[in-house]
Amino acid sequence: MTLVSNSRSDTFLAVLGRWLLRNHIWSFFALTVIVFSLSSPFFLTVNNLGNILTQGAFIGILAVGMTMVMIDGEIDLSVGAVLAMASALAIGLQDHIGVWPAVLVGLASGAALGFFNGTLVALSGMHSFVVTLGGLIGIRGLVFIYTGENALMVTDFSYTEIPEVYLGPLSMTAILFFALALFFQWVLTSTRHGRETYAVGDNVEAAYDSGINVKRHKIINFTICGTMAAICGILLSMRLGTAEPNAGKVWELWTIIAVVLGGTRLIGGYGSMWMTIGGVLTLAVLRNGLRLLNTPNYVELMVMGTVLILAVALDKLLNMKEET
Amino acid sequence: MNDIILQLSGITKTFPGVTALDQVSLDVRAGEVHALVGENGAGKSTLMKVLAGLYKAEQGDIIYQGRTTDVAGPLDARRKGILLIHQELSLAPELSVAENIYLGAWPTNRFGVLKKRELRSKAQAALQALGCAFGPDVRVGTLSVAMQQMVEIARAEAFSASVVIFDEPTASLTDTEKEQLFHTIRSLKARGVGIIYISHKMDEIFQITDRITVLRDGQVQGTLETAQSDVNQVTRMMIGRTLDTYFVKAKADFGAEVLRVEGLSKAGLFNDVSFSVREGEVLGLYGLVGAGRSEAVETVFGVRRADSGQLVWKGGVIAPPTPRQAIDMGMALVPESRKEQGLVLMMGGRENTSLPHLSLFSALSVMNRAKELATFEKYRSALSIKTTGPDQEVSQLSGGNQQKFVLAKWLCAGPKLIILDEPTRGIDVGSKSAIHELIAELAEQGLAVIVISSEMPEVLGVSHRVLAMSEGEIVGSFEGQEMNEENLIDAVSYHRQSAVG
Ligand SMILES: Nc1ncnc2c1ncn2[C@@H]1O[C@H](COP(=O)(O)OP(=O)(O)OP(=O)(O)O)[C@@H](O)[C@H]1O
Ligand SMILES: [Mg+2]
């Protein structure tokens, strides 16, 4: 017959194989872990692994928001600047309005800036690359104005103790990253909004023809992305006790690298938080491992660049296999 | 039973440079199938998009279920029970079948959380009602064009709509699938649904519809009772003249062999395919949708790699070519799905036409615009393509006119072998015979032509020799007296039975 159903003999191995094919980043991750375990005795220690997770979690939280935007087929280059804004507000305002209100204002600033980005993209029809490139510069400028070009310091140091909660080797930052990633993975697979995200990224016309409010939808995802950036900024301000006007500079690039490394596609319609978690962890392991080996900074950058291209090439290769 | 469920009155819609609809009025009764016919670019799809809330008309009213209704957008239309099944499939390939059936209207609870089980079982029910053999969990991107279309059609079932619009639904369905569709249409009809049916296939229109409205250049020419009219009357209203229904066949004057395919196989797609075609010969490839015809010729053209087999080009064995090499050797493939494979939608007709053979239109990589324009004009008039100018984005053209540009783009390079995959899909009756004439003309100029078609009269009408293909195998080759409908059907169906039994 012409209409054959995909009858799949679902053995566990077959399922695992298919999953690995779609989530190739985890093989990469395993490989990097093995390589560094063999080359540095300090790598595979509970302490170091906990560090990796905490360090990775900052980019990770940004990546969660970025993944939503990227599955939509858009991009947000302003996350680094939004992060700096949120952290500056959270620290700068706490002497005036109290710690938690300041944190809330920080969060709200992220949501508002994301909303603003999304509205501009949706209503103007400009590409998000251009809009958020403007955001990247403009918002950073605002941060400099607000901070008066200086780092803001906390006066009440109990602020820096807020995230010092651990679950075994897992810091609160890491836990928050995983929780957010899992939550948004659930949103992607189990909610209307998630389906809309894939549909819009995959075939905007079909989505529009089906009555999905594409503009509102994109605004929501940009708002989510801005909020994630603010969460990241506030956690960073707690960890450092200061808000640098330059905080999070080029982090947007690391974030995009982590997401793309994971396998989420820039053209939209395809990706998941599992992939992003894989990308974030692989990136974190690479940075940490190379540092343990005392690799000079420029070599580190070269290795990362190579890995990024390899991972994307592998993705292409596997997908060609799948399709023909 | 026969009350009017939908009435359009005085609908006018213009695009820059064209009046797509000019004071169009039309009514649809509950429980009737109402045909909408007209040439490519007559405005059929535009009218339906107005009805489905995708375009806003400048003038006119939609009176739905007795009340003047403002259709605010596609979702609003669907909520009100008006469902449009698009001419160009409107699906998200990365999503599953179930998710696509309910695209944008997934069942959720109050908080927007998907009810996956409900989604799945509802979709399953819709698929079963249609008799689809694939499940709700399959990714749509992995389905063939025909199956994807079934997914769109399943939406009508799923949404229990009261007006359903089919825009050329059978363009890529097999006869069995078409019968299934007609079955569905009849059961919708029995439920009192009003159906608007757009098609270029006259036999279908006379088979399934109750009334026919003819549209020409955006204006209604009249509405006929199907039972009291005939094909000639309808075509005359459509194009202003009657058509001779005879097929022009090229004179049988064959030269040297151009291509021989020997034992070409690819697991799961086709098996041991062998044939040859000579200069001046039109070889027909008949089979049902899904028989592996397109896949086999795509392999010849280098789009896919075969597992085994060899190609002989003008007497010499050649390595499997890449599409670029195939084009340079003198092959041309006009693919069946124009939107994905055929055109750069953001470019105009002029640029699309010259795209595969830029070297013919340039010197030292500087484009020769005059030559491009001349070629564009030549095919625009030869195929009567309706476009406002050489640079109108092809995305703005009607479906049939896009298809004509796909043809033009491959014809203008003067290939030695041209493979036409469903060349008249979505093309109006007037231009259809123009394309048949063109095929004959090409063969008489000495080209080897392979025509893939699921339309029996077409394949018999234009070819000198017909191969029947079924389930990836060539199951018969017919010439002269042997080449008739009965033999082709026998070959194809006997093979299918023996494969099943
Ligand atoms: N978005 C658009 N912008 C500009 N012109 C358009 C647009 N959509 C349609 N048109 C023009 O409106 C006219 C009617 O097009 P329409 O798609 O309704 O034709 P159709 O009757 O459906 O033809 P076909 O049988 O080829 O599908 C054509 O001349 C077409 O070029
Ligand atoms: Mg149309």
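Further up the page is the structure itself.
Note that the coordinates shown come from a computational prediction; the quantities given were computed from them, not determined experimentally. (Residues numbered from 1 in each chain as written. Chains lettered and ligands numbered in written order. Predicted model: local features only at pLDDT ≥ 70, side-chain atom pairs only at ≥ 80, totals over all residues. Heavy atoms only, no water.)

Participant: Run through the packing of helix α4 (residues 79-97) of chain A against helix α6 (residues 128-147) of chain A, naming residues and quoting values.
Facilitator: Residues and elements named next belong to chain A. Two elements in contact, α4 and α6, have axes whose closest approach is 8 Å; the angle formed by their N-to-C orientations is 20°. It follows from the interaxial angle that α4 and α6 lie roughly parallel. Note that α4 runs across α6; the crossing there is left-handed. From α4, Gly80, Ala81, Val82, Ala84, Met85, Ala88, Leu89, Gly92 and Leu93 reach across to α6, where they touch Gly135, Leu136, Ile139, Arg140, Leu142, Val143, Tyr146 and Thr147. Classifying every residue of the contact of α4 with α6 by side-chain character gives 12 nonpolar, four polar and one charged. (Axes fitted to C-alpha atoms, helices over the stretch in contact; angles between N-to-C directions. Helix = DSSP H or I, 4+ residues; strand = E, 2+ residues; numbered from the N terminus. Parallel < 35°, antiparallel > 145°, perpendicular 65-115°, else oblique. Left-handed = near helix turned anticlockwise from the far one by under 90°. Contact = heavy atoms within 4.5 Å. Nonpolar A, V, L, I, M, F, W, Y, C, P; charged D, E, K, R; others polar.)

Participant: Just give me the short version of the nonpolar core, but keep the residues and values in it.
Facilitator: Taken as a class, soluble globular proteins show a tendency for nonpolar side chains to be buried jointly. Membership of the largest hydrophobic core comes to 130 residues, with the highest contact counts inside it found for Phe184 of chain A together with Val97, Ile101, Phe134, Phe166 and Ile185 of chain B. Once residues lying within four places of it in the same chain are set aside, the contact partners of Ile185 of chain B are Val33, Phe166, Ile195, Tyr197 and Ile208 of chain B. Counting 59 residues, the second largest nonpolar core, distinct from the first, contains Val277, Leu311, Cys412 and Ile439 of chain B. (Core = buried A, V, L, I, M, F, W, Y, C linked by side-chain atoms within 4.5 Å. Buried < 20%, exposed > 50% of the residue type's maximum accessible area, 1.4 Å probe, protein only.)

Participant: So what about a negative patch on the surface? Which residues, and what values?
Facilitator: Residues and elements named next belong to chain A. A cluster of acidic residues, Asp95, Asp156, Glu161 and Glu164, forms a negative patch at the surface. Mapped onto the secondary structure, Asp156 falls in the loop between β1 (152-153) and β2 (166-167). The partly exposed category is assigned to Asp156, whose relative accessible area is 38%. (Patch = residues over 30% accessible without salt bridge, like charges linked within 9 Å, V, L, I, M, F, W, Y side chains within 5 Å. Areas by Shrake-Rupley, 256 points an atom, 1.4 Å probe, with all protein chains shown as cover. Salt bridge = Lys/Arg side-chain N within 4 Å of Asp/Glu carboxyl O. Lys, Arg positive; Asp, Glu negative; His and termini not counted. Charge placed at Lys NZ, Arg CZ, Asp CG, Glu CD.)

Participant: Tell me what's going on with the site of ligand 1, and back it up with residues and numbers.
Facilitator: Residue and element names in this part refer to chain B. Looking at ligand 1, there are 20 residues lining it, with Lys44, Ser45, Thr46, Ser398 and Gly400 nearest. A distance of 2.6 Å separates an oxygen atom of ligand 1 from a polar atom in the side chain of Ser45. For ligand 1, an oxygen atom lies 2.7 Å from a polar atom in the backbone of Gly400. Taking 640 Å² as the accessible area of ligand 1 by itself, protein coverage stands at 91%. Only α1 (44-51) and α14 (399-411) provide two or more residues apiece to the shell around ligand 1. For the shell around ligand 1, the residue count by class is five nonpolar, 12 polar and three charged. If you count residues domain by domain, the shell around ligand 1 takes at least three from each of domain 1 (4-239) and domain 2 (279-308 + 320-494). (Near = heavy atom within 4 Å. Polar contact = N/O pair within 3.5 Å; in protein donor to acceptor, adjacent residues only side chain to side chain. Domains from an automatic or database assignment.)

Participant: I'd love a proper account of the sheet that holds strand β14 (residues 308-313) of chain B, names of residues and values included.
Facilitator: All names here are of chain B. The strand order β12-β11-β14-β15 describes an open sheet built from four strands, whose pairing is antiparallel. Both edges of this open sheet fall to β12 (270-278) and β15 (316-318), since each of them pairs with a single strand only. Strand-to-strand twist of the sheet, defined as the mean angle between neighbouring strand axes without regard to direction, takes the value 20°. Direction of pairing for β14 relative to β15: antiparallel, over a ladder of three bridges. Of the residues in β15, the one forming a bridge with Leu311 is Ile318. On the sheet, helix α9 (residues 293-301) packs against β11 (257-266), β12 and β14 and is oriented at approximately 115° with respect to β11. (Pairing = 2+ DSSP bridges.)

Participant: Describe the pairing of strand β7 (residues 163-167) of chain B, and please don't skip the residues or the numbers.
Facilitator: All names here are of chain B. The element β7 is extensively covered by neighbouring structure, given that five of its five residues are classed as buried. Burial along β7 is two-sided: the residues Val163, Ile165 and Asp167 and Val164 and Phe166 are all buried. As judged from the four bridges shared by strand β6 (residues 82-85) and β7, these two strands associate in the parallel manner. Looking at the pairing, Leu83 lines up with Val164 of β7. One crossover worth recording links β7 to the parallel strand β8 (residues 194-198) by way of helix α6 (residues 175-190), and it is right-handed. (Right-handed = clockwise from strand over helix to strand, strands pointing away.)

Participant: Outline helix α5 (residues 99-124) of chain A, listing residues and values.
Facilitator: All names here are of chain A. Over its 26 residues, α5 runs 37 Å from end to end, which matches the ideal 38 Å to within 8%, given 1.5 Å per residue. Ala102, Val103, Gly106, Ser109, Gly110, Leu113, Gly114, Asn117, Gly118, Thr119, Val121 and Ala122 are the residues of α5 that are buried. On its buried face, α5 sits against α4, α6 and α10 (214-240). Just past α5, the residue Gly125 takes up positive phi, approximately 75°. (Expected span 1.5 Å × (residues − 1).)

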